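# Summary of structural features
Listed here are the chains, written in short residue letters.
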Amino acid sequence: MGTATAGQQSRATAWRNWAGNVTATPARVVTPASVGELQEAVRRAAEDGLKVKAVGTGHSFTAAAATDGVLVRPQALAGIREIDRTAGTVTVAAGTVLKDLNVALAREGLSLTNMGDIMEQTVSGATSTGTHGTGRDSASIAAQIRGLELVTADGRLLSCSEKENPEVFAAARIGIGALGIVTAITLAVEPVFFLTAREEPMGFDRVTAEFEQHFAENEHFEFYWFPHTGNCNTKRNNRSQGPAAPPGAVSAWVEDELLSNGVFQAVNSLGRAVPATIPSIARVASRALSARTYTDIPYKVFTSPRRVRFVEMEYALPRERVVEALRELKSMVDRSGLRISFPVEVRTAPADDIALSTASGRETAYIAVHMYKGTPYQAYFTAAERIFTAHGGRPHWGKVHTRDAEYFADVYPRFGEFTALRDRLDPDRLFGNDYLRRVLGE
């Protein structure tokens, strides 16, 4: 059985996402080697009465890509199609992994303006779910899209931009797979530049009191709070003249192993086995941090490897509400018997004009909560979600949440615009699944 070769199809064994919290058994898997083959796969699925979903690298924590119909793996649709230096754009096939795109752009002396903190996802998977980094002025990856191609339910290839099919473009940049299968994306790029990162431990009370000041003074500001402590680690990224001065070996080890990978894995395994140890570990780990400054090209500053598997919930709040919500989260954790081994992450984004973007129409800040894979997360996430929704929060489309279409119609002013477009492009719900039924309605 196994995975189909390019252009072939196979009966699939169970598909599992990166975190292992979502599984599905599709009727067949298709790995198209061309857009034409993808169009044919969509037409054939419709004839056979099967739903169709495309899946990237499975980094979503929701069942957005799960299907018992036809699972499309777009990995053979990869690579840069065109670089237009005059327009400042790159057109890339949808199955391209962000890491490969960043390396290729750097070779060409180009860079994305902003990125999330991992780059293992496909370009289409990351943009379709609204993946973002942190930025005062620069927004999510989807907000950097200048054009896209989409295979619709009738097998047509639709080109979309501000000038061509603009109403589809307004929605499809973050389409959650509901409008069709994205085959290519044109992204804005700029000449490669340097970022200087300043990481600095800071107390919870100080960083929350000074949050607006840090936000205003830095192009990219984020911080991590360690539950069961009053300790945070802050990170400011700002453009600089360079030259590159990557982190030293010791500080790189602290970031990559203590906070992200090898040692962090061991610490989380201990915490899962003996939860009572978690507060003590958190105090030691958060105190082990020291300030450091380094300079490099953007993707090497924005992103870092993440080998420790986890489950995540993230909510976008109006920026003016984030400090209050975070303080409520800390009080809840302090009062509860919960044992949280992962830091809580806080980032920002400017308002954008994408219908279902978590930053649509409002200045935004994000709070992300994580739990180690295999650890019961429901009690923590339920309590956190209660706080976030009380502040008008919008959950990340690719991360754990329990909200439904009724809730989204309330927190997204343009929700009806999106669902009306879906009714027009996919009236028979060829691209539907249980997740989309919950979040978008029938």
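By convention here, each chain's residues receive numbers from 1 onward along its written sequence. Per-residue local features are limited, in this predicted model, to residues with pLDDT of at least 70; the limit for side-chain atom pairs, both in listing and counting, is 80 or more; totals at the level of whole chains, interfaces and linings are taken over all residues. Based on all heavy atoms of the structure, the side-chain values leave hydrogens and waters out of the count.

## Here we look at helix α14 (residues 415-425)
Those residues of α14 that fall on the buried side of the exposure criterion are Phe415, Phe418, Thr419, Leu421, Arg422 and Leu425. Down the axis, α14 shows its buried residues gathered within 155° of arc, on one side only. We call two residues in contact whenever any of their non-hydrogen atoms come within 4.5 Å of each other. Labels follow the DSSP assignment, with helices taken as runs of H or I lasting at least four residues and strands as runs of E lasting at least two, numbered in each case from the N terminus. Buried residues along α14 sit in contact with β11 (157-160), α4 (166-172), α13 (405-411) and α15 (434-440). Buried, partly exposed and exposed residues are distinguished by accessible area as a fraction of the type maximum, computed with a 1.4 Å probe on protein chains only: under 20%, between the cut-offs, and over 50%, respectively. Summarising the geometry, the arc corresponds to the directions from the helix axis toward the C-beta atoms.

## Here's the deal with the packing of aromatic side chains
A pair of aromatic rings is counted whenever rings of Phe, Tyr or Trp (Trp by its six-membered ring) have centres within 6.5 Å, and the orientation is called stacked for planes under 30 degrees apart, edge-to-face for over 60 and tilted otherwise. On inspection of all chains with the given rule, the structure shows 15 aromatic pairs. Ring geometry for Phe61 versus Phe310: centroids 5.6 Å apart, planes at 35°, classification tilted. Of the two residues, Phe61 is situated in the loop between β5 (52-54) and β6 (70-72) and Phe310 in strand β18 (residues 310-318); the sequence distance between them amounts to 249 residues. For Phe310, a relative accessible area of 9% puts it in the buried group. Taken together, a centroid distance of 5.0 Å and an interplanar angle of 45° make the contact between Tyr377 and Phe381 tilted. The class for Phe381 is buried, based on a relative accessible area of 2%. Counting every residue linked through ring pairs, the aromatic cluster contains Trp18, Phe61, Phe310 and Phe342. Positioned over the ring face of Phe169 is Arg173, at 4.3 Å from the centre of the ring. We count a charge as sitting over a ring when the NZ of a lysine or the CZ of an arginine lies within 6 Å of the ring centre and within 35 degrees of the ring normal.

## Thoughts on the sheet that holds strand β8 (residues 89-93)
Strand order in the open sheet made by the five strands is β7-β8-β12-β10-β11, with antiparallel pairing throughout. Because the sheet does not close on itself, it has two edges, and the strands there are β7 (80-84) and β11. Each strand axis lies, on average, 15° off the axis of its neighbour in the sheet, ignoring direction. Pairing between two strands requires that DSSP report at least two bridges joining them. Strand direction decides the pairing type here: β7 and β8, joined by four bridges, are antiparallel. The residue of β8 that forms the bridge with Ile80 is Val92. In this fold helix α2 (residues 98-107) packs onto β7, β8 and β12 (181-188), with an angle of close to 40° to the strand it touches most, β7. Whenever a helix is involved, its axis is fitted only over the stretch in contact; in every case the axis is a line through C-alpha atoms, and angles between N-to-C directions fall within 0 to 180 degrees.

## So, the nonpolar core
Side-chain atoms within 4.5 Å link the members of a nonpolar core, which is a set of buried Ala, Val, Leu, Ile, Met, Phe, Trp, Tyr and Cys residues. Residues Leu187 and Trp397 are the most contacted members of the largest nonpolar core, which totals 58 residues. Residues contacting Leu187, with those up to four places away along its chain left out, are Gly88, Thr89, Val90, Val92, Leu101, Leu112, Val123, Ile141, Gln144, Ile145 and Arg146. Val308, Val333, Met371 and Tyr372 belong to the second-largest nonpolar core, a separate cluster that totals 43 residues.

## Considering the sheet that holds strand β15 (residues 220-225)
The eight strands lie next to each other as β17-β14-β16-β15-β19-β20-β18-β21, forming an open sheet whose pairing is antiparallel. With one partner strand each, in any of the chains shown, β17 (292-296) and β21 (394-395) form the two edges of the open sheet. Where β15 lies against strand β19 (residues 344-349), three bridges are found, and the strand directions are antiparallel. From the neighbouring strand, Phe223 faces β19, where its bridge partner is Val346. Across the sheet, helix α11 (residues 322-335) is in contact with β15, β18, β19 and β20 (364-372); its angle to β20 comes to roughly 25°.

## Notes on the side chain of Arg236
Within the fold, Arg236 resides in strand β16 (residues 231-240). A distance of 3.1 Å separates the side chain of Arg236 from the side chain of Glu200, its partner in a polar contact. Polar contacts, as used here, are pairs of N or O atoms within 3.5 Å; protein pairs need one atom able to donate a hydrogen and one able to accept it. Residues neighboring in sequence count only if both atoms are side-chain atoms.

## Here's the deal with the environment of Ser280
Positionally, Ser280 belongs in helix α9 (residues 278-287). It is 8.3 Å that separates the C-alpha atoms of Ser280 and His228, two residues lying 52 residues apart in sequence.

## Some details on the pattern of salt bridges
When a carboxyl oxygen of Asp or Glu is within 4 Å of a side-chain nitrogen of Lys or Arg, the pair counts as a salt bridge. For the structure shown, the criterion picks out 26 salt bridges. The partner of Arg206 in a salt bridge is Glu210, with the nearest N and O atoms 3.1 Å apart. Accessibility expressed as a relative area gives 42% for Arg206, which makes it partly exposed. Its relative accessible area of 22% is what places Glu210 among the partly exposed residues. Two residues, Glu314 and Arg347, come together in a salt bridge whose shortest N-O distance is 2.9 Å.

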